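Here is what each chain is made of, one letter per residue.
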Amino acid sequence: MSGRARGRARGRARGAGEPDVVRRPGEQNEPQLPMPQGVVTPEQISAQTGGTGRAAYRGGQIVARPGTGNGGAIPKVPAEKLVKLEMGAAGEAEDETVRAKTRYYRADHVRQNKRGTQGNKVQVLSNSFRLTTAPDWTLYQYHVDFSPPIESRKLKQALLAPHKEFLGVVQAFDGHVLYLPKRLPNDVNEMHSLRNWDGAQIKITVKLTNEVPPMSVQFIHVANIILRRVLAQMGLKQITRHYFNPDNPVIIKQHHLQVMSGYATSVLQYENDVLLSCDLAHKILRDDNVMDQIYELFVQKLPNAQKMVERKLIGAIVMTRYNNKTYRVDDISWDLNPTCTFEKSNGTSISYEDYYQNHYGIKITDRNQPLLLSKPKKKDIRRGQKGNIYLLPELCLLTGLTDEQRMNFTVMKDLAVHTRIGPDGRARKLLEFSDKIHKTPDVVDTLKKWNISFENQLARIDARILPQEVIKLGTVPVNYRQEEADWSRDMRGKRLTAPIDLRDWIVIAFKKDIDLAKDLCKVLMTVGPPMGMKISPPQLVETPNDRNETFVVCVRENLRPTTQMVLVVLPNNKKDRYDAIKKTTCIDRAVPSQMVVARTLTKKQGLMSVATKIALQLNCKMGGELWSVDIPLSGVMIVGIDTYHDSSAKGRSCGGVVASLNRECTRYHSSVTYQTSHQELQDGLYCSFTAAIKKWLDVNRTAPEKFIIYRDGVGDGQLEAVYELEMPQIENAIRNAVGDTFIPKITFVVVKKRISARFFSPSHNQMHNPSPGTVVDDVCTKKEWYDFFLVSQSVRQGTVSPTHYNVIKDTIQLRPDYVQRLTYKLTHLYYNWQGTIRVPAPCQYAHKLAFLCGQSLHRNFDSDKLSDKLWFL
């Protein structure tokens, strides 16, 4: 998917069992799995803790990869960072260590109750199932020590295997810690096993270190291990993070695609329960293998066929069906083929062809095919792997969609039939998943031995629907149906908040598109006055050809100091042309610009609708305020922050900061900063906030009293880093701009969209999407956080995706109701969509700003002339 395509998708901001380890060819040592997070040594066990992260406890099948380097030692767990994370047993008072840690996630004034009260109470169902245990359930944790020391996790498991009669069949062992549902006769138990390859006697010491109660960190760890076994017993295979059924894909023959269905699952501790969260997942694969696609290009006998293959494959993600693993193609080794050999761990050599025949029973049909090269990932390098991984194209399938496929309406429509599942169908599939857990004999036996079970019904939650908002178009309030969340039909004939007089503007078009440009201008001058825009005839400029430099020269030659807007009708959506024109208008000459692709103007019956949307963009890019809602707070600057990773330079990131300048949050100051490290966290916030406060002082003649910040693009594992890195920059910038004695009052909200939570509204034996304004702040929220879910947008297809908000700092001490209501109000104020969006408008503006600068400009814009307008829409 191209950056432009991602931008279009996000711009709208609508809802959108462990098998044996197989040694990889080329490995000198047996592969080692990293120790799961949350597991520590006996020396740290007295203070053992652990958080759960998205990458924790994945497990799954360990598979062969040709050409991998040496396996490394198991990386050390950062126990010193985990020591202070213990949450304690249920009902246990928090000690000072815990209190210091949770300050990042929960303000003192909501420590007792973070739930709101406003709105109509409703009940919703979530995509989660409660986990229950026996009343007297206890898990026993043992540390296992081997003398002499053993590094291989697989060998450790083999040495423990003969002692199952003593230890019990039901156990979970990760290489260091052994979990058992029963207590052994002694706290310290010694056993002996013989190592097969040299006959050495290995002493095994199993020492009791802890009794693990339900709802503890260790229990969550073990529950996820058990869940992986359960999924494997259900016939599912792990691919990346999720589990799929590779034996029953949906084939879309006309597009040479197949859709593999599966589940994204995790067991986590929430408010008062441990929940199994489950959502549907889909993996899209090409129906033909990579070798077929290489042949397809070479059979045309093109002189540059090899380069075309490289352009198509390098950077793509492929999946090997023999082990269901995914790899990134970093290069193509044309000088290698399946008959080439690599060195095995025992020092002998074997060809790739023989390796796959011996290990997987796969006969290679083309002995002349080149090999795909995949460089080891950072986690592989940390594990000690060296060298590149070589793959056979014949055994690889391309994953995902190409840019051309994503732009093909027919392809996306046919895919949506299988991937865009409505709430009723999604809930039914989740219940089928739960039903299979309760009816698969092996799964039932496994859960029974561990004395745990999952409820067979979706978790029910008390939610609220926030009051409807009144949209103000000029001086005329407009009510709208909350179920539709669309007031665009009410915009015609009503004056907008800030009338715009567009007198001096330029329209540039290729000569074959000049008539389309003229028609657009006529309609714009018609729809402008009802919106409060007085639009004069533009200066039309015709380009003799459609070359990029021709468009750029036309822009430069026709710009005057009085020019208010440049509108360019593009022959197509080529990125290089778009970027060149944007650099000219945003950096070189600093004038707002609007791009229009010619084909959107070809349908005469839809020209009025297109022109209306273009007029709205022209309005707000020149400083207009299209609509507003009532914001009952004064002296508050509302800020949106987001980061985009620059497409022109690896490891370079662009941070966008958008800050409100008035009470209605209809005017904004924008700024960007660049950083060289490829990271989501920003280190240039000091400059951005200083510039925003300076502009606020120029506009309002007084400093802002409070700051409400919405920070997008931060994962759960980065919350503490955000608090410790970004918060000091913001506070120092405020003090520097306002005064050293000023104590800033800040509410900092982390916005998360990439979540698996879904909610269903039951009605008449069917599931529906919750209404816009639905707030969930109980059951599936985190006990140690000040967080809530908000469904703010309306979707007509598929299941709506809620947004997760986490307040990590609140010295303003707003009531939870106020934070939730304000957040919902701000989702109405995004001027590029006539309806509510998924995130607050400042957050989406920050994304659009960072995306444009990181994808097209790659440099800072002229902030003196553009920073107080929404020029980046």
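Note that the coordinates shown come from a computational prediction; the quantities given were computed from them, not determined experimentally.

Q: Looking at this structure, I do not really get the overall build of the protein. What am I missing?
A: When you go through the protein residue by residue, the secondary structure sums to 24 helices and 40 strands. Looking at the protein residue by residue over its 873 residues, the buried ones come to 55%.

Q: Would you explain the pairing of strand β39 (residues 787-791) in this entry?
A: Put simply, side chains in a regular strand alternate between the two faces of the sheet. In terms of burial, β39 is a largely internal element, 5 of the 5 residues being buried. Across 4 bridges, β39 lies against strand β40 (residues 803-810) in antiparallel orientation. Bridging across to β40, F789 finds its partner in H804.

Q: For this particular structure, what's the right way to read the packing of helix α20 (residues 685-700) against helix α21 (residues 719-738)?
A: It is at 8 Å that the axes of α20 and α21 come closest, and there the two elements cross at 35°. Crossing of α20 against α21: the hand is right-handed. Where α20 approaches α21, its residues L685, Y686, F689, T690, I693 and L697 are matched on the opposing element by E726, Q729, I730, N732, A733, I734, N736, A737 and V738. Among the residues making up the contact of α20 with α21, the classes are represented as 10 nonpolar, 4 polar and 1 charged.

Q: Mind showing me how you'd approach the sheet that holds strand β4 (residues 172-173) here?
A: Hydrogen bonds along the backbone pair up the strands of a sheet, which may run parallel or antiparallel. What the 5 strands build is an open sheet, ordered β4-β5-β3-β7-β6; its pairing is antiparallel. Taken across any chain shown, the strands that pair with only one partner, and hence form the sheet edges, are β4 and β6 (188-194). Bridge analysis of strand β3 (residues 139-147) against strand β5 (residues 177-180) gives 4 bridges, and the strand direction is antiparallel. Across the sheet, residue Q141 finds its bridge partner in β5, namely Y179.

Q: I keep staring at the packing of aromatic side chains and nothing clicks. Help me out?
A: A ring pair, where both rings are aromatic, is described by two values, the distance of the centres and the angle of the planes. One pass over the full model with this rule turns up 19 aromatic pairs. Note on Y322 and Y360: the rings are 4.8 Å apart at their centroids and 50° apart in plane angle, and the pair reads as tilted. With Y322 in the loop between β13 (317-320) and β14 (325-328) and Y360 in helix α10 (residues 352-360), the pair connects residues that are 38 residues apart, well separated along the chain. According to the relative accessible area criterion, Y360 is partly exposed, its value standing at 24%. Aromatic side chains W871 and F872 sit 5.7 Å apart centroid to centroid with 80° between the ring planes, which places their arrangement in the edge-to-face category. The class for W871 is buried, based on a relative accessible area of 1%. Pairwise contacts between aromatic rings join Y322, F342, Y352, Y355, Y356 and Y360 into one cluster. The ring of Y818 carries the charged tip of R815 above its face, separated from the ring centre by 4.9 Å.

What counts, and where the lines are drawn
Residues numbered from 1 in each chain as written. Predicted model: local features only at pLDDT ≥ 70, side-chain atom pairs only at ≥ 80, totals over all residues. Heavy atoms only, no water. Helix = DSSP H or I, 4+ residues; strand = E, 2+ residues; numbered from the N terminus. Buried < 20%, exposed > 50% of the residue type's maximum accessible area, 1.4 Å probe, protein only. Pairing = 2+ DSSP bridges. Axes fitted to C-alpha atoms, helices over the stretch in contact; angles between N-to-C directions. Left-handed = near helix turned anticlockwise from the far one by under 90°. Contact = heavy atoms within 4.5 Å. Nonpolar A, V, L, I, M, F, W, Y, C, P; charged D, E, K, R; others polar. Phe/Tyr/Trp six-rings, centres within 6.5 Å; stacked < 30°, edge-to-face > 60°. Lys NZ or Arg CZ within 6 Å of the ring centre and 35° of its normal.

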